[in-house]
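Topology and contacts: notes
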Amino acid sequence: MRTELTSLLEQYEKRILGQSLNLRLLLSAILTGGHVLLEGVPGTGKTQMVRTLAGLLGGDFNRIQFTPDLLPSDITGSMIYNMKESSFQTLKGPIFTNILLADEINRTPAKTQAALLEAMEETQVTIQGETYLLPDVFFVVATQNPIEFEGTYPLPEAQQDRFLFKLHVDFPSFEEEKNVLKQVIENNFDKTLVSQILDLDTFVAIRREIEGITISDNVLDYIMKIVRKTRDTDMIRFGASTRAGISIGKAAQAWAYLSDRNYVTPDDIKMVAKPALRHRIQLSPHVELEGATVDQIIEELVGSVPVPR
């Protein structure tokens, strides 16, 4: 199964150029059953990243464009009366899928955001008092535009904590971007449908294998020291929660599996710590005034924690 997963990652990187690290982190997130918050300017391929992953896994894909007038029932579904049959019927919303792209989630009010976030946490939806379970493979990727704030409703920090990772999608390198431009202009860009590499049953089996990846007590101590360090420094106003430590541990298991190992190393923790923490902490005002970024502070904190042998 690791061979199939390696093939999937190779095909993924061929389709999406210049985002190798983010693609690997996206795959790690879905392997652990977590969800991802994607932040990047328009035109950097965020939708294509998610749609391609769904195709490689052979899963259902739905996209919701979040707008100020979007209602919770537009996501979860509603009950309607069928006059022909004289009975009520449940219309399930687009959330009933394997991979859901919540596009520009910060453009809709908190009530609608909460409907999606509740489903992410509980893996179920209630429609008119009736509870419906979501699929075993249920992965939400929510996008945010970092340069346009007019008419937006930013996600509260407590709600951002529901996401396993927050990933920054930046522009690719000069050569990679030139390659994309050349292929599109010369009409050589591969527009064929993505070939399925894994089926969902195999994917679920891989998840179970990842749960068995070993994390030693020393590495668990390392995770906890990093998390608690975010609470013990005056550079951070609000530190990371216990859920942050769980997220780092689970993500590190997936990263180790993708690296063809059956155990987690401190280097795995370092790779996933930044995307797992950047949306879970708030910098102190004086640190923000000095121009420091969240990523810089996380790097500094992780670097200050002794690495276990």
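Reference entry: report on the structure contained in this document. (Residues numbered from 1 in each chain as written. Predicted model: local features only at pLDDT ≥ 70, side-chain atom pairs only at ≥ 80, totals over all residues. Heavy atoms only, no water.)

Here we look at the overall build of the chain
The cut-off we apply is this: Secondary structure elements follow DSSP: runs of H or I of four or more residues count as helices, runs of E of two or more count as strands, with numbering from the N terminus. Our radius of gyration looks at C-alpha atoms and nothing else; its globule reference is 2.2 Å times the residue count to the power 0.38. Whether two residues are in contact is decided by their heavy atoms: any pair within 4.5 Å suffices. The charge count treats Lys and Arg as positive and Asp and Glu as negative. His and the chain ends do not count. We put the charge of a Lys on NZ, of an Arg on CZ, of an Asp on CG and of a Glu on CD.
A count of helical and extended segments in the chain gives 13 helices and 11 strands. Since a compact globule built from 309 residues should have a radius of gyration of about 19 Å, the 20 Å found for the chain is in line with a globular shape. Dimensions of the chain, computed from the C-alpha atoms along their principal axes, are close to 70 × 45 × 40 Å. Contacts in the chain between residues far apart in sequence, at least 24 positions, make up 78% of those at least 6 positions apart. Taken as two groups, the 31 positive and 41 negative side-chain charges of the chain have centres that lie 2 Å from each other.

Structural notes on unusual backbone geometry
The criterion, for reference: For every residue, the accessible area obtained with a 1.4 Å probe (protein chains only) is divided by the maximum for its type, and the residue is called buried under 20%, exposed over 50%, and partly exposed between those limits.
With a phi angle near 55°, glutamate 104 is a residue other than glycine that sits in the positive phi range. With respect to the helices, strands and loops of the structure, glutamate 104 is situated in the loop between strand 5 (99–103) and helix 5 (110–122). One non-glycine residue, threonine 123, adopts positive backbone phi at about 50°. Mapped onto the elements, threonine 123 comes out in the loop between helix 5 and strand 6 (124–127). The exposure class assigned to threonine 123 is partly exposed, which follows from its relative accessible area of 40%.

Some points on the environment of glutamine 253
Worth spelling out the cut-off: Polar contact is defined as a pair of N or O atoms within 3.5 Å, subject to the rule that within protein one atom must be able to donate a hydrogen and the other to accept it, and that residues adjacent in sequence are counted only when both atoms are side-chain atoms.
With respect to the helices and strands, glutamine 253 occurs in helix 10 (residues 242–258). The buried category is assigned to glutamine 253, whose relative accessible area is 12%. Expressed as a C-alpha distance, the spacing of glutamine 253 and glutamate 211, which sit 42 residues apart in the sequence, is 7.3 Å. Those residues in contact with glutamine 253 that sit more than four places away from it in its chain are Ile210, Glu211, Ile213, Ile215 and Val264. One polar contact links the side chain of glutamine 253 to the main-chain carbonyl oxygen of isoleucine 213, over a distance of 2.9 Å.

Examining the sheet that holds strand 8 (residues 139–144)
Test applied: Two strands form a pair only when DSSP identifies at least two bridges running between them. Axis lines are fitted to C-alpha atoms, over the contacting stretch for helices. Their N-to-C directions set the angle, which ranges from 0 to 180 degrees.
If you trace the 5 strands from one edge of the open sheet to the other, you get 2-5-8-1-9, paired in parallel fashion. Because the sheet does not close on itself, it has two edges, and the strands there are strand 2 (61–65) and strand 9 (165–168). For this sheet, the mean inter-axis angle between neighbouring strands, taken without regard to orientation, is 20°. In this sheet, strand 9 lies alongside strand 1 (residues 36–39) in parallel orientation, the contact comprising 4 bridges. Residue pairing across strands places valine 36 opposite phenylalanine 165, the latter belonging to strand 9. The sheet contacts of helix 3 (residues 46–57) involve strand 1, strand 2, strand 5 and strand 8, and relative to strand 5 the element is tilted by about 170°.

Remarks on the environment of isoleucine 16
By the element assignment, isoleucine 16 lies in the loop between helix 1 (2–15) and helix 2 (20–31). By relative accessible area, isoleucine 16 is classed as buried at 8%. Once the C-alpha coordinates of isoleucine 16 and arginine 231 are considered, the two residues, 215 residues apart in sequence, prove to be 37 Å apart. If we skip the residues at most four places from it in the chain, isoleucine 16 touches Leu23, Gln48, Met49 and Thr52.

Re the packing of helix 10 against helix 11 (residues 266–277)
For the record, the criterion: We call two directions roughly parallel when the angle between them is under 35 degrees, roughly antiparallel when it is over 145, roughly perpendicular when it lies between 65 and 115, and oblique otherwise. Less than a right angle of anticlockwise turn of the near helix away from the far helix marks a crossing as left-handed, whereas a clockwise turn marks it as right-handed. By the convention adopted, Pro, Cys, Tyr, Trp, Phe, Met, Ile, Leu, Val and Ala count as nonpolar, Lys, Arg, Asp and Glu as charged, and the other residues, Gly among them, as polar.
Helix 11 packs onto helix 10 with a crossing angle of 135° between their chain directions and a minimal axis gap of 9 Å. With respect to each other, helix 10 and helix 11 are oriented oblique. Handedness of the crossing formed by helix 10 with helix 11: right-handed. Contacts between helix 10 and helix 11 involve Ala244, Ile248, Ala251, Ala252, Trp255 and Ala256 from the former and Asp268, Ile269, Met271, Val272, Ala273, Ala276 and Leu277 from the latter. Of the residues assigned to the contact of helix 10 with helix 11, the class counts are 12 nonpolar, no polar and 1 charged.

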